[in-house]
Amino acid sequence: MTPVRTLAAFILVAVAATAQASWYDDYDAGLAAARAGNWSTVVSKMTSAIKGQPNENNKARTYGAIFINYHPYYYRGVANLNLGRYQQAIDDLERTSGPGPENLGSIGELLERAKRQLAAASTPEPEPVRPEPARPVVTQPTPAPVQQQPAAPAIDPGLRQRATSSLNAAKQKLQAAQQRRAASSPQYTQAMSIYTDAASRLGAAKSNDDLNAILSMADNAGDLAELAMPPSAPVPAPAIAAPSKPAVVTDVVLGDYKPQLRRALQNYFNGEFDDAARDFSDLTGKLPGNAWIWAFLGASQYSQFAFEADESYRTKAMQSFQKAKSLRSWKGGLPEKYFSRRIRRAFNGQG
């Protein structure tokens, strides 16, 4: 490839990566505008975010192991309601699955308000009534109106207890990750950040929607803490010796696949489970009888399930684990030094 073509390909890749990443930047800008009450900017930024990523998710993945609570339809619906665009507000609020990190009101109350305002705007003004002859009016004393305090939003005590229990469970998983010396891993760092944010929100929770958001954050932090693994210990260099015939033949057989296998393992231990699953899946077609490759493929797919909450990943992981078991006798399950406790539990539970 000529230098000019190489430079052009690099520019195209950089532009594509920037375009792909712009949806969560727009979402962050929309959140900032919502906090400031700049509703026109909220509509613009959330619309741009939806064009890049139309699917809402409590654990939407941005890049690497970074996940956000992504609900752009909710904030665009609130903004349209404040701008008097009641039908657009209803469409967005009926499509959203919940509030994001900033709770601006429950979906039910916002929908009721938007529908009430739309109905009032659609009702024609009454025709003027011809005045009747004046009659003497006897003025009656009018009692002073009693001001009613707005009712505080009801909070389910059971839901608060569940959120507290989930936070405690996430804390225990973080402590377990520290004990296995995984505090330097990116999964642990992300889990600790999410846990700290969720714990700080618990005391200020004012609605069930707030508690549901905290519950989701605590579960996410616990999942990430379980996936945190210590850095791989350096493998000592073997003593220089003449290679045996089996070793030479092994290098001949696996020589073409070693770089791909090394890259797949590197992605797995760095938390890049999408890339790891793709490489391991390709290797199963080239080395279908290798039980270790099937085991690492299942572990990568199960980690995708933990992040995405998509049952299709879990189904694939169980199929890969079953294939690995059929190719090898795993005494005591998968080795602890390569696989998290959650993955080993899923593997052992597969018949």
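Above this text sits the structure in question.
Please read these numbers as outputs of a predicted model, since none were measured by experiment. (Residues numbered from 1 in each chain as written. Predicted model: local features only at pLDDT ≥ 70, side-chain atom pairs only at ≥ 80, totals over all residues. Heavy atoms only, no water.)

Undergrad: Lay out the overall build of the chain in plain terms, naming residues and giving numbers.
TA: Check the secondary structure of the chain and you find 14 helices and two strands. Looking at the chain residue by residue over its 351 residues, the buried ones come to 38%. For the chain, long-range pairs separated by at least 24 residues make up 65% of all intrachain contacts whose partners lie at least 6 apart in sequence. Per element, the accessible surface of the chain, about 21300 Å² overall, is 55% carbon and sulfur. (Helix = DSSP H or I, 4+ residues; strand = E, 2+ residues; numbered from the N terminus. Buried < 20%, exposed > 50% of the residue type's maximum accessible area, 1.4 Å probe, protein only. Contact = heavy atoms within 4.5 Å. Areas by Shrake-Rupley, 256 points an atom, 1.4 Å probe, with all protein chains shown as cover.)

Undergrad: Describe the side chain of Ser 185, naming the residues involved and giving the relevant values.
TA: Examined against the element boundaries, Ser 185 turns out to sit in the loop between α6 (157–179) and α7 (186–202). Polar side-chain contacts of Ser 185 include one of 2.8 Å to the backbone oxygen of Ala 182. Those residues within four positions of Ser 185 in sequence are excluded, and the remaining contacts are Ala 228 and Met 229. (Polar contact = N/O pair within 3.5 Å; in protein donor to acceptor, adjacent residues only side chain to side chain.)

Undergrad: How would you explain the pairing of strand β1 (residues 57–61) if you had to name every residue and give the values?
TA: Across three bridges, β1 lies against strand β2 (residues 67–70) in antiparallel orientation. Looking at the pairing, Arg 61 lines up with Phe 67 of β2. The antiparallel pairing of β1 with β2 creates a hairpin that spans five residues between the two strands, and Gly 64 there sits at a positive phi of about 60 degrees. (Pairing = 2+ DSSP bridges.)

Undergrad: Run through the pattern of salt bridges, naming residues and quoting values.
TA: Scanning the entire structure with this criterion turns up 14 salt bridges. Across the salt bridge formed by Arg 35 and Glu 102, the nearest N and O atoms sit 2.9 Å from each other. Highlighted residues: Arg 35 in helix α1 (residues 3–36) and Glu 102 in the loop between α4 (86–95) and α5 (107–122), separated in sequence by 67 residues. Judged by its relative accessible area of 52%, Arg 35 falls in the exposed class. Taken together, the shared-partner salt bridges connect Lys 59, Lys 173, Asp 223, Glu 226 and Arg 342 into one network. (Salt bridge = Lys/Arg side-chain N within 4 Å of Asp/Glu carboxyl O.)

Undergrad: Mind laying out the packing of helix α12 (residues 291–308) against helix α13 (residues 311–327), listing which residues take part and the relevant values?
TA: Running from N to C, α12 and α13 point in directions that differ by 160 degrees, and their axes come no closer than 8 Å. Comparing the axis directions of α12 and α13 gives the class roughly antiparallel. Pair α12 / α13 crosses with left-handed handedness. For the pair α12 and α13, the contacting residues are Ala 291, Trp 294, Ala 295, Leu 297, Gly 298, Ala 299, Gln 301, Tyr 302, Gln 304, Phe 305 and Glu 308 in the first and Glu 311, Tyr 313, Arg 314, Lys 316, Ala 317, Met 318, Ser 320, Phe 321, Lys 323, Ala 324 and Leu 327 in the second. Split into classes, the residues belonging to the contact of α12 with α13 amount to 13 nonpolar, four polar and five charged. (Axes fitted to C-alpha atoms, helices over the stretch in contact; angles between N-to-C directions. Parallel < 35°, antiparallel > 145°, perpendicular 65-115°, else oblique. Left-handed = near helix turned anticlockwise from the far one by under 90°. Nonpolar A, V, L, I, M, F, W, Y, C, P; charged D, E, K, R; others polar.)

Undergrad: Explain unusual backbone geometry to me, and be specific about the residues and the numbers.
TA: Despite not being glycine, Arg 181 shows a phi value in the positive range, around 65 degrees. Note on placement: Arg 181 falls in the loop between α6 and α7. Residue Arg 181 is classed as exposed on the basis of its relative accessible area, which comes to 66%.

Undergrad: Help me get a handle on the nonpolar core, residues and values and all.
TA: In terms of nonpolar packing, the biggest core is built from 54 residues, with Tyr 268, Phe 280, Leu 334, Phe 339 and Ile 343 touching the most fellow members. Sorting the residues of this core by element identifies α6, α7, α8 (208–227), α10 (258–269), α11 (273–286), α12, α13 and α14 (341–349) as the ones contributing at least two each. Looking at this core element by element, the count peaks at eleven residues for α12. Among the nonpolar cores identified, the runner-up in size contains 27 residues, and Tyr 27, Val 78, Ala 79 and Tyr 86 belong to it. (Core = buried A, V, L, I, M, F, W, Y, C linked by side-chain atoms within 4.5 Å.)

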